[in-house]
Amino acid sequence: MRLFLKITLLLLLPVSLFAQDTTVIKRQANTIAKALLNSDFKTVIAHTYPKAVALAGGKEKMLQMMSNGINQMKAQGFAFEKVSIGSPGKFYKAGTEIHCLIPETLIMKTSRGRMSAKSNLLAISNDGGKNWSFLDLNQGTINSVKALFPNFNNNLIIPKPAQPVML
């Protein structure tokens, strides 16, 4: 009987990992996208992967960096117009975490017209998929993935961000 129970658990565990609720992750990703559009950086930081926030110097320092960055962008004629979150990809077990890529498209107004940039968010859950934190995968964060995630599952392939295009 014990052997049967162990075998059943071993067979069901992978099924439960990959049977994540994509509506939860997408809803939480849309929360961060809406916050970015509204310059609500406290909400963005609250949904950012905690190790990345710590690496940036903490919440206050990250808030200051984000505020300064958006002010510089505005001074140069840039403004976020739209953020679209795509459908979550495959879920991967990485130590005690679950990781998933979510496509993201940013539309920005510039002094030269509108620009589109496509990248991915890395979604991370420590509680079996109930709550997610996110990391925008720009070139800098892609290079930091191994440091931030020592148990990163190498089966999850992170594509390089596409170059922005004028619309």
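Look a little higher up for the structure.
## Quick notes on the overall build of the chain
For the chain, the count of helices and strands is six helices and six strands. When the helices and strands of the chain are read in sequence order from the N terminus, they spell out α-α-α-α-α-β-β-β-β-β-α-β. Residues counted as buried form 39% of the 167 residues belonging to the chain. Restricting the contact set of the chain to residue pairs at least 6 apart, pairs at least 24 apart contribute 55%. In the structure as shown, the chain presents an accessible area of about 10,200 Å², 59% of it carried by carbon and sulfur atoms.

## Considerations on the environment of Lys93
Its place among the elements puts Lys93 in strand 2 (residues 91-94). In this structure the C-alpha to C-alpha distance between Lys93 and Leu156, which are 63 residues apart in sequence, comes to 9.5 Å. For Lys93, the side chain forms a polar contact with the main-chain oxygen of Gly95, separated by 2.9 Å.

## Considering the packing of aromatic side chains
In total, this model carries three aromatic pairs according to the counting rule given. Note on Phe91 and Trp132: the rings are 5.8 Å apart at their centroids and 45° apart in plane angle, and the pair reads as tilted. Placement of Phe91 in strand 2 and of Trp132 in the loop between strand 4 (113-125) and strand 5 (133-136) is noted, with a sequence separation of 41 residues between them. Each member of the pair Phe91 and Trp132 is classed as buried. Where Phe149 meets Phe152, the ring centres are 6.4 Å apart and the plane angle is 50°; that geometry is what we call tilted. Of the residues examined, Phe152 reaches a relative accessible area of 10% and is grouped as buried. Grouped by ring-pair contacts, the aromatic residues Tyr49, Phe149 and Phe152 constitute a single cluster.

## Section: helix 6 (residues 139-148)
The complete set of buried residues in helix 6 reads Thr141, Ile142, Val145 and Leu148. Around the axis of helix 6, the buried residues are gathered within 115° of arc, so they sit on the same side. Pointing more than 90 degrees away from the buried face of helix 6 are the exposed residues Asn143 and Ala147. Close packing links the buried residues of helix 6 with helix 4 (50-55) and strand 5.

Basis of the calculations
Residues numbered from 1 in each chain as written. Predicted model: local features only at pLDDT ≥ 70, side-chain atom pairs only at ≥ 80, totals over all residues. Heavy atoms only, no water. Helix = DSSP H or I, 4+ residues; strand = E, 2+ residues; numbered from the N terminus. Buried < 20%, exposed > 50% of the residue type's maximum accessible area, 1.4 Å probe, protein only. Contact = heavy atoms within 4.5 Å. Areas by Shrake-Rupley, 256 points an atom, 1.4 Å probe, with all protein chains shown as cover. Polar contact = N/O pair within 3.5 Å; in protein donor to acceptor, adjacent residues only side chain to side chain. Phe/Tyr/Trp six-rings, centres within 6.5 Å; stacked < 30°, edge-to-face > 60°. Arc of directions from axis to C-beta.

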